[in-house]
Amino acid sequence: MHTDPVDVNQARKDTPACEKIIHFNNAGASLMPLPVTQALHHYLETEARIGGYETADLHADSLNSLYSSAARLLNCQPEEIAFVENATRAWDMAFYAFNFKPGDKILTAIAEYGSNVIAYLQQAKRFGIEVVFIPDDEYGQVDTDALSKMIDSKVKLISISHIPTGGGLVNPAIEIGRIARQNNIPFLLDACQSAGQIPLDVESIGCDLLSITGRKYLRGPRGTGLLYIRNNILNQLDPPFLDQHAAELISPIEYKVREDARKFENWEQFFAGKYALGVAIDYALSWGLGPIQQRIYDLADKLRNQLSNCKDITVTDTGKEKCGIVTFYSRSLGANSIKKMLSQKNINVSISDGSGTLVSFQQRGLNELVRASVHYFNTEEEIETFVGCF
Ligand SMILES: Cc1ncc(COP(=O)(O)O)c(C=O)c1O
């Protein structure tokens, strides 16, 4: 396990764009480090030179090593990993594999990701299931006491975003996992924003399914993602789609589904992205997720404190534990104007317009927020420059 602090100078050398821009949009898409862009270019260049299928043959071992890298990241087995094109589709493949019956309940968080809520509502319409939002506690995170009291025989899934898209909140995944395990209820964790930002150990969290995107805190390419499915529920879940990579056609009337998590994959994949995602995961592991988290939390803390001292700014992050996502609004300027003003100074942020965490935003009376999300390669000086804009 790594305990040395991140070597920020080296991290910035590996991220040449740092010389030109202040990238506070890591929760949108981070900057790929050189080893990742080099891997991507190398793979694409080889495809162009010798052919796509031939490149996959040539790089078969490296492509395969993505699964062991992901397994090291999550503390699971390579057979429990599927490569999928993004976090939403990874999550969908898991969620739509459940066979719900009328009256079944799904318990989710107030700050749940918008696309996930749409999927719950779609299945509610189809199967007559109930979607129940667990209230927040006084810190704005999932209230685990309330969750314990909501468990009954109708609850068929607990499904939560670990770090919601629209703020600094980190939901108490380990405590939620403990409740899920105690009651033998499957636990689906959307780890889209937490992967690459904080250590993730599926054993200590106790989740059965977990979805990840490549482009955010993991610093991989766009169009890449992962799904983890615990071995002991793999055979209970029937993927919503099957192709001849996920299953084998045996006769005109028979097919056999493969037994590992790759039954949730497509045959055709973004191979260059898969190759580079493996490099991105190894790169993150080489810094260590503990030191990465420490550095991100320290920077975000500084950013929050300094922004709170600006008289026009209200910081809106909730949660007992707060991560690298910092959200705020100005009383005099709209979020779009702020984004534009910052962009003219080569500072990247994004806007959380509510759609990503609609239930939470509506409950809290929020509309549009500026989202500044820091990574370990950002610096204290960049934070000062950023805050100096207000
Ligand atoms: C919490 C959360 N879940 C899921 C997603 C969707 O990820 P993707 O765009 O890779 O499908 C996001 C994206 O912002 C997110 O923040």
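Predicted model, so just to flag it, every value in this text is computed and none were measured.

Reading the values: rules and limits
- Residues numbered from 1 in each chain as written.
- Predicted model: local features only at pLDDT ≥ 70, side-chain atom pairs only at ≥ 80, totals over all residues.
- Heavy atoms only, no water.
- Helix = DSSP H or I, 4+ residues; strand = E, 2+ residues; numbered from the N terminus.
- Contact = heavy atoms within 4.5 Å.
- Axes fitted to C-alpha atoms, helices over the stretch in contact; angles between N-to-C directions.
- Parallel < 35°, antiparallel > 145°, perpendicular 65-115°, else oblique.
- Left-handed = near helix turned anticlockwise from the far one by under 90°.
- Nonpolar A, V, L, I, M, F, W, Y, C, P; charged D, E, K, R; others polar.
- Pairing = 2+ DSSP bridges.
- Buried < 20%, exposed > 50% of the residue type's maximum accessible area, 1.4 Å probe, protein only.
- Core = buried A, V, L, I, M, F, W, Y, C linked by side-chain atoms within 4.5 Å.
- Domains from an automatic or database assignment.
- Near = heavy atom within 4 Å.
- Polar contact = N/O pair within 3.5 Å; in protein donor to acceptor, adjacent residues only side chain to side chain.
- Areas by Shrake-Rupley, 256 points an atom, 1.4 Å probe, with all protein chains shown as cover.

Draft legend 1. Summary view of the environment of I50. Note on placement: I50 falls in helix α2 (residues 34-50). Look past the residues within four positions of I50 in its chain and what remains in contact with it is T55 and L58.

Draft legend 2. Quick look at the packing of helix α5 (residues 87-95) against helix α6 (residues 114-127). Where α5 meets α6, the closest approach of the two axes is 11 Å, and the angle between their N-to-C directions is 25 degrees. Between α5 and α6, the angle is such that the two are roughly parallel. Once α5 is placed against α6, the crossing between them reads as right-handed. Contact residues: T88, W91 and F95 in α5; S115, N116, A119, Y120 and Q123 in α6. Here the residues of the contact of α5 with α6 sort into four nonpolar, four polar and no charged.

Draft legend 3. Layout of the sheet that holds strand β11 (residues 313-315). Sheet architecture is open: four strands sit in the order β11-β12-β15-β14, paired in antiparallel fashion. The strands lining the two open edges of the sheet, one partner per strand, are β11 and β14 (350-352). Averaged over neighbouring strand pairs, the angle between their axes works out to 40 degrees when direction is ignored. Relative to strand β15 (residues 369-373), strand β12 (residues 325-330) runs antiparallel, the two being bridged by four bridges. Bridge pairing in β15 places F328 opposite V370. The strands that helix α12 (residues 289-308) touches are β11, β12 and β15; relative to β12, the one it contacts most, it runs at about 15 degrees.

Draft legend 4. Looking closely at the packing of helix α11 (residues 271-287) against α12. Viewed as axis vectors pointing N to C, α11 and α12 meet at an angle of 80 degrees, and their least axial separation amounts to 5 Å. The orientation of α11 with respect to α12, classified from their angle, is roughly perpendicular. Taken together, the residues of α12 that come into contact with α11 (itself represented by A284, L285 and W287) are L289, P291 and I292.

Draft legend 5. The arrangement of unusual backbone geometry in detail. With phi around 60 degrees, N75 is a residue other than glycine that occupies positive phi space. The topology assignment puts N75 in the loop between α4 (60-74) and β2 (81-84). A relative accessible area of 40% places N75 in the partly exposed class. A positive phi angle is found at N184, which is not glycine, with a value near 60 degrees. Tracing the backbone shows N184 in the loop between α8 (173-182) and β6 (187-190). Here N184 falls in the exposed class, since its relative accessible area comes to 71%.

Draft legend 6. The arrangement of the nonpolar core in detail. Core analysis: the largest hydrophobic core is formed by 81 residues, its most contacted members being L74, I158, L303 and F386. It is α12 that contributes the most residues to this core, eight residues altogether. When residues of this core are sorted by domain, at least three fall in each of domain 1 (8-31 + 288-387) and domain 2 (38-286). If we ignore the near neighbours within four places in the chain, the residues touching I158 are L107, L147, I151, I176, A180, I185, P186, F187 and L188.

Draft legend 7. Examining the site of the ligand more closely. Lining the immediate environment of the ligand, one finds N86, A87, T88, Y113, I163, T165, D190, C192, Q193, T213, R215 and K216. Measuring from a nitrogen atom of the ligand, one finds a side-chain N or O atom of D190 at 2.6 Å. R215 places a polar side-chain atom, nitrogen or oxygen, 2.8 Å from an oxygen atom of the ligand. Contact with the protein chains hides 91% of the accessible area of the ligand, taken as 400 Å² for the molecule alone. For the shell around the ligand, a count of residues per class yields four nonpolar, five polar and three charged.

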